[in-house]
Amino acid sequence: MKDIDIRLLEVFNAIHRTRSVTAAAEALGLGQPAVSVALAKLRRRFNDPLFVRTSSGMEPTPYGASLSQPVETVLDALAEVLSLRNEFDPATAERTFRVCMTDISQLVLLPLLWEKIRVVAPRIRVEVFPLTPDLPRMLERGGADLALGFIPQLDAGFYQQLLFMQSFVCIVGRAHPRITDSLSLAQFEHEGHAVITSSGAAPSLIDKAVLRQGIRRRVALDIPSFIGAAFVAEHTDLVVTIPTRLGTFLADHGRFRTFPVPFPLPPYGVKQHWHERFHHDKANIWLRRLVAELLADSTDSALPGPFAYSRT
């Protein structure tokens, strides 16, 4: 039926229901001549009279009767499709959002997001996943709605939005025997360090800067996450270089001291990423706006507003 106008099926259905060309025209809001023309087209298309005049009205032929149910099914299905709206009401929606994020985001950012969601969208469920090499495929297939963090491998081919710029600080335990009021480069090079091996792309920025500037760093402990390394520092005399927002959080919640990194380290952008398939999805849009409003750095006038995004 690729070559048939859906309006002809509506005429067929109306005549079948009313058994009258005149009544069908009234039901469809058309003139009787228009319905007669449509019926003629239907007869040519199906090579059958479809309806014939009888003493009780326009009665279907056997072939016309066999078409009645399929035509009605098609029209009902079309009506259902057209009634669907790409809308999202957070107050009533029952949906699971899947968000990929680093361990730092889980500690620093996730509580803010969840506190807001549970108030404005009480039936929403959130599943959190780590950043893995399969992340691009997860976003493409819908296995994840968003990815949050410093994820350079998603800078090409995905939509992205800058949330805030992140820098680094050094932390030590409050009881560190040698580092108390400040941290010099000489102390940085003398002390042992815990370094992060698999927590997103940010650790590589530190490694590259240390190597490029010829800084000596005595690595005593390799650990997979920033959070694990930070709490190791609390109870040892190791130095850990971590993102500033995590350092601020830990300084308020643990026995730590934070210091500026004693050599230049480039900042990096924390972004949210999503796939083109879900760019116009109203639920995804709502989640992205919520994340942007909660996490975007409103104090930095150089950053774009909470609804600015780009595709690369």
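Note: the structure precedes this text.
Residues numbered from 1 in each chain as written. Predicted model: local features only at pLDDT ≥ 70, side-chain atom pairs only at ≥ 80, totals over all residues. Heavy atoms only, no water.

What follows deals with helix 12 (residues 282-295). For helix 12, which comprises 14 residues, the first-to-last C-alpha distance of 20 Å matches the rise-based estimate of 20 Å (1.5 Å per residue) to within 8%. Those residues of helix 12 that are buried lie in contact with strand 3 (96-101), helix 6 (110-120), strand 5 (146-149), strand 6 (159-166), helix 11 (244-253) and strand 12 (268-274). (Helix = DSSP H or I, 4+ residues; strand = E, 2+ residues; numbered from the N terminus. Expected span 1.5 Å × (residues − 1). Contact = heavy atoms within 4.5 Å.)

So, about helix 2 (residues 21-28). Of the residues making up helix 2, those classed as buried are V21, A24 and A25. Angular distribution of buried residues about the axis of helix 2 spans 100°; they occupy a single face of the element. Along helix 2, the residues that are exposed and aim more than 90 degrees away from the buried face are E26 and A27. Elements that come into contact with the buried residues of helix 2 comprise helix 1 (6-18), helix 3 (32-46) and strand 2 (57-60). Among the residues trailing helix 2, G29 stands out with phi positive, at a value near 70°. (Buried < 20%, exposed > 50% of the residue type's maximum accessible area, 1.4 Å probe, protein only. Arc of directions from axis to C-beta.)

Looking at the secondary structure, you find Q166 in strand 6. Of note is the side chain of Q166, whose polar atom sits 3.5 Å from the backbone nitrogen of T244. If we skip the residues at most four places from it in the chain, Q166 touches P243, T244, R245, P267, Y268 and V270. (Polar contact = N/O pair within 3.5 Å; in protein donor to acceptor, adjacent residues only side chain to side chain.)

What follows deals with empty space enclosed by the protein. If you walk through the whole model with that rule in mind, you get two cavities of 30 Å³ or more. If you go around the largest cavity, you meet 18 residues; those closest to its centre are T102, I104, S105, Y268 and V270. For the lining of the largest cavity, the elements supplying multiple residues, two or more each, are helix 5 (103-108), strand 6 and strand 12. Per element, the largest residue contribution to the lining of the largest cavity is three residues, and it comes from helix 5. Tallied by class, the residues present in the lining of the largest cavity amount to 11 nonpolar, six polar and one charged. In this structure, the second largest cavity occupies an estimated 80 Å³ of space. Residue lining of the second largest cavity: H193, A194, V195, I196, P203, I206, D207, R217, F226 and T241, and that is the complete set. It is strand 8 (residues 192-196) that provides the largest number of residues to the lining of the second largest cavity, a total of four residues. When its residues are assigned to classes, the lining of the second largest cavity shows six nonpolar, two polar and two charged. (1 Å grid on protein atoms, 1.4 Å probe; cavity = no way out; pocket = protein on both sides within 12 Å on 5 of 7 lines; lining within 4 Å. Points joined across faces, edges and corners; volume = space filled by probe spheres on them. Nonpolar A, V, L, I, M, F, W, Y, C, P; charged D, E, K, R; others polar.)

Looking now at the environment of S182. Its place among the elements puts S182 in the loop between strand 7 (168-173) and helix 8 (185-190). Along the sequence, S182 and D5 sit 177 residues apart, while their C-alpha atoms lie 79 Å from each other. Residues in contact with S182, not counting those within four places in the same chain, are Q187 and F259.

Time to look at the packing of aromatic side chains. Per the stated rule, a full pass over the model turns up 10 aromatic pairs. An angle of 50° between the planes, with centres 5.1 Å apart, marks the rings of F12 and F51 as tilted. One end of the pair, F12, is in helix 1; the other, F51, is in strand 1 (residues 51-54), and 39 residues separate them in sequence. Each member of the pair, F12 together with F51, is buried. Both rings, one in F97 and one in W286, keep their centres 6.0 Å apart while their planes meet at 25°; by these two values the pair is stacked. Remark: W286 occurs in helix 12 and F97 occurs in strand 3; sequence separation between them is 189 residues. (Phe/Tyr/Trp six-rings, centres within 6.5 Å; stacked < 30°, edge-to-face > 60°.)

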